[in-house]
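Observations on chain architecture
So the chains spell out like this:
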Amino acid sequence: MAQIDILSLSLEELTSEICVMGEKGFRAKQIFDWLHVKKINDFSQMSNISAQFRGELSKKFCLNHLIIKKRLVSRVDNTVKYLYGLKDGGAVESVLMEYNHGNSLCVSTQVGCKMGCEFCASTIAGWVRNLEPSEILGQIYESERDSGKPVDSVVLMGIGEPLDNFDNVVKFLRILSESGFSLRRVSLSTCGVVDKIYELAELKLGVTLSVSLHAATDEKRSAIMPINRRFDLNTLMRACDDYFDKTGRRISFEYSLIEGVNDGDDSADELIRLLGGKNCHINLIPVNEVKEREFRKSKSVLRFQKRLNAAGLNATVRRTLGADINAACGQLRRDDLFNS
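The rules behind each value
- Residues numbered from 1 in each chain as written.
- Predicted model: local features only at pLDDT ≥ 70, side-chain atom pairs only at ≥ 80, totals over all residues.
- Heavy atoms only, no water.
- Core = buried A, V, L, I, M, F, W, Y, C linked by side-chain atoms within 4.5 Å.
- Buried < 20%, exposed > 50% of the residue type's maximum accessible area, 1.4 Å probe, protein only.
- Helix = DSSP H or I, 4+ residues; strand = E, 2+ residues; numbered from the N terminus.
- Contact = heavy atoms within 4.5 Å.
- Axes fitted to C-alpha atoms, helices over the stretch in contact; angles between N-to-C directions.
- Parallel < 35°, antiparallel > 145°, perpendicular 65-115°, else oblique.
- Left-handed = near helix turned anticlockwise from the far one by under 90°.
- Nonpolar A, V, L, I, M, F, W, Y, C, P; charged D, E, K, R; others polar.
- Pairing = 2+ DSSP bridges.
- 1 Å grid on protein atoms, 1.4 Å probe; cavity = no way out; pocket = protein on both sides within 12 Å on 5 of 7 lines; lining within 4 Å.
- Points joined across faces, edges and corners; volume = space filled by probe spheres on them.

**Brief notes about the nonpolar core**
Ranked by size, the top nonpolar core spans 93 residues in total, and within it I31, L275 and L308 carry the most contacts. The element that contributes the greatest number of residues to this core is helix α5 (residues 166–178), accounting for seven residues. Excluding its chain neighbours within four sequence positions, the residues that come into contact with I31 are I6, L14, I18, M46, I49, F53 and L57.

Right, here's the structure in full:
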């Protein structure tokens, strides 16, 4: 019989399994705390559980952890980029970043990505599979173990589209919440999977929704983001309004500025017309240059920001971290695949 992935079990599911084994329900809470609060990586470390029961646990459950394949540390700002190896030979990336408000970890939710955004390195090698809740959690736990630093906030903005792995991502969020981590310190980035935005809104989990916009007309957005051909901007904006109405959480719109594509005054004015009057934040990002793509960083970032601000929109330029280690998602995995 295949072992059960214990890190992917909610507290309720774990309690049910422990009771089936003939133990009291409180044992499940003890085990859950060892796994998700103390974050041990071996059953033998559960000191308040008998040796006999630890042996039974190790037979019934597997306690998977990720392997650090590569670890790059920025000399500029201490950003750490991890390439994590998975048990099936796949690999994903995480980036640990230092801010004044604490340490933020950007995690992956899929091995590869099927969304096909033209400027993104994550989609180049294609989609392989979804990550299990334990594999998303493992990125947090291994990063904390390796760095010795607590993760204060989590951003689901690494490799993959979180809402394309909806069930596993929601389960990850619920387990994270059960461990005592506030979901108000979690941001979930999506390219605009509208039907799942509506589902997420109904759950009222408290996470911040971050929408990768990158263009403010259907013609421009469809040219660089295939998802827009399925869910156009009007459809996406209605879903965003619904998310704000249901959760009260202000939406952040990500806008990567690409030289000659979406960085002109006309593009700024289109964005003003699209988002004017909305309670939102616009995060402007000089596009991450990928060697397989021809897109280049805009030289008009500050001009673009000033135009938005003058129109009353809350727009800031994202601080670039880990530039000397290619900390943008997808590039380390891509190099590992192509060089292996």
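On we go from here.
**Remarks on the packing of helix α1 (residues 11–20) against helix α2 (residues 26–36)**
Where α1 meets α2, the closest approach of the two axes is 8 Å, and the angle between their N-to-C directions is 125°. The angle between α1 and α2 falls in the class oblique. In terms of crossing hand, the pair formed by α1 and α2 is right-handed. Where α1 abuts α2, its residues L11, L14, T15 and I18 lie against R27, A28, K29, I31 and F32. Partitioning the contact of α1 with α2 into residue classes produces six nonpolar, one polar and two charged.

**Describing the sheet that holds strand β6 (residues 102–106)**
Taken together, the ten strands give an open sheet; going across it, the order is β3-β4-β5-β6-β9-β10-β11-β12-β13-β14, and neighbouring strands pair in mixed fashion. Of all the strands in the sheet, the pair left with one neighbour each is β3 (67–73) and β14 (315–317). With strand direction ignored, the average angle separating the axes of adjacent strands in the sheet is 20°. Across four bridges, the pairing between strand β10 (residues 186–190) and strand β11 (residues 208–212) is parallel.

**What to know about empty space enclosed by the protein**
Within this structure, the stated rule accounts for one cavity of 30 Å³ or more. What lines the largest cavity is a set of 13 residues, and nearest its centre among them are L7, I40, N64, Y141 and R145. For the lining of the largest cavity, the element with the most residues is helix α4 (residues 133–147), which contributes four residues. Looking at the lining of the largest cavity, its residues break down into six nonpolar, four polar and three charged.

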